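One-letter residues, chain by chain:
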Amino acid sequence: MPEDAAIMQVEERDALNEWVRLTSTDGYDFLVRRKVATGSGTLRNSLSAESSFSEALSNTSHTNERAVIVEKLCEYLSYKSLYEGAKKNEEIPDFQERVYPEISLELLVAADYYDT
């Protein structure tokens, strides 16, 4: 019986860790699956269980970006996760069409920092 309780506790912890929160500088929170968030090298390192970063303990990453940039970052990471294993002959929509010209420079800097 105690073994079952320990297994359930591990499963509950894993279920809670399935989602991570990205917080923008203007106070908006974005919940994304951990698998999607780890498409970013920076987020992967900061959310890693082996790291001693506070982000790994709280499953929350405070970004230094506005909400509109964090939203596009989440959208791109989801896009990347979805089409990651696409076959060569599969048609993949162009992500560039989803980026507004007004935020393109700021988004480019964020993409460089988050290693996407």
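Reading the values: rules and limits
- Residues numbered from 1 in each chain as written.
- Predicted model: local features only at pLDDT ≥ 70, side-chain atom pairs only at ≥ 80, totals over all residues.
- Heavy atoms only, no water.
- Pairing = 2+ DSSP bridges.
- Helix = DSSP H or I, 4+ residues; strand = E, 2+ residues; numbered from the N terminus.
- Axes fitted to C-alpha atoms, helices over the stretch in contact; angles between N-to-C directions.
- Patch = residues over 30% accessible without salt bridge, like charges linked within 9 Å, V, L, I, M, F, W, Y side chains within 5 Å.
- Areas by Shrake-Rupley, 256 points an atom, 1.4 Å probe, with all protein chains shown as cover.
- Salt bridge = Lys/Arg side-chain N within 4 Å of Asp/Glu carboxyl O.
- Buried < 20%, exposed > 50% of the residue type's maximum accessible area, 1.4 Å probe, protein only.
- 1 Å grid on protein atoms, 1.4 Å probe; cavity = no way out; pocket = protein on both sides within 12 Å on 5 of 7 lines; lining within 4 Å.
- Points joined across faces, edges and corners; volume = space filled by probe spheres on them.
- Phe/Tyr/Trp six-rings, centres within 6.5 Å; stacked < 30°, edge-to-face > 60°.

## A few points about the sheet that holds strand β2 (residues 29-33)
Okay, step 1: Overall, mixed pairing links the 3 strands, which are arranged β2-β1-β3 in an open sheet. Two strands close off the open sheet at either side, each with one partner strand: β2 and β3 (60-62). Averaged over all adjacent pairs, the angle separating strand axes in this sheet is 25 degrees, with direction ignored.
Okay, step 2: For strand β1 (residues 19-23) and β3, the ladder comprises 3 bridges, and the chain directions are parallel.

## Looking at a nonpolar patch on the surface
Okay, step 1: Nonpolar side chains collect at one region of the surface, where L105, L108 and V109 lie side by side and expose about 330 Å² of accessible area between them.
Okay, step 2: Among the structural elements, L108 can be located in helix α6 (residues 104-113).

## A short note on the pattern of salt bridges
Okay, step 1: Scanning the model with the defined rule gives 5 salt bridges in all.
Okay, step 2: The salt bridge partner of E18 is R33, with a shortest N-O separation of 2.0 Å. Linking E18 in the loop between α1 (2-16) and β1 with R33 in strand β2, this pair joins segments that are 15 residues apart in sequence.
Okay, step 3: Relative accessible area serves as the criterion here: at 38%, R33 is assigned to the partly exposed category.
Okay, step 4: Of the charged contacts in the structure, one is a salt bridge between R66 and E106, with a shortest N-O distance of 2.8 Å. Here E106 lies in helix α6 and R66 lies in the loop between β3 and α5 (67-83), a separation of 40 residues in the sequence.
Okay, step 5: Its relative accessible area of 37% is what places R66 among the partly exposed residues.
Okay, step 6: Connected through salt bridges with shared partners, the residues K72, E75 and R98 form a single ionic network.

## Details of the pairing of β1
Okay, step 1: Here β1 pairs with β2 via 5 bridges, running antiparallel. Bridged to R21 within β2 is L31.
Okay, step 2: Hairpin connection between β1 and β2: a loop of 5 residues separates the two successive antiparallel strands, and G27 in this loop has a positive phi of roughly 90 degrees.

## Re the layout of surface pockets
Okay, step 1: Here the largest pocket defines a volume of roughly 210 Å³.
Okay, step 2: Residue assignment for the lining of the largest pocket shows that the elements contributing at least two residues are α5 and α6.
Okay, step 3: Tallying contributions element by element places α6 first for the lining of the largest pocket, with 4 residues.

## Quick look at the packing of aromatic side chains
Okay, step 1: Applying the stated criterion across every chain yields a total of 5 aromatic pairs.
Okay, step 2: Ring geometry for Y76 versus F95: centroids 5.2 Å apart, planes at 70 degrees, classification edge-to-face. Of this pair, Y76 sits in helix α5 while F95 is found in the loop between α5 and α6, placing the two residues 19 residues apart along the sequence.
Okay, step 3: Judged by its relative accessible area of 26%, Y76 is partly exposed.
Okay, step 4: Aromatic side chains Y113 and Y114 sit 4.8 Å apart centroid to centroid with 90 degrees between the ring planes, which places their arrangement in the edge-to-face category.
Okay, step 5: With relative accessibility at 54%, the residue Y113 sits in the exposed group.
Okay, step 6: Pairwise contacts between aromatic rings join Y76, Y79, Y83 and F95 into one cluster.

Read these as layout, nothing more, since geometry by itself doesn't imply function.
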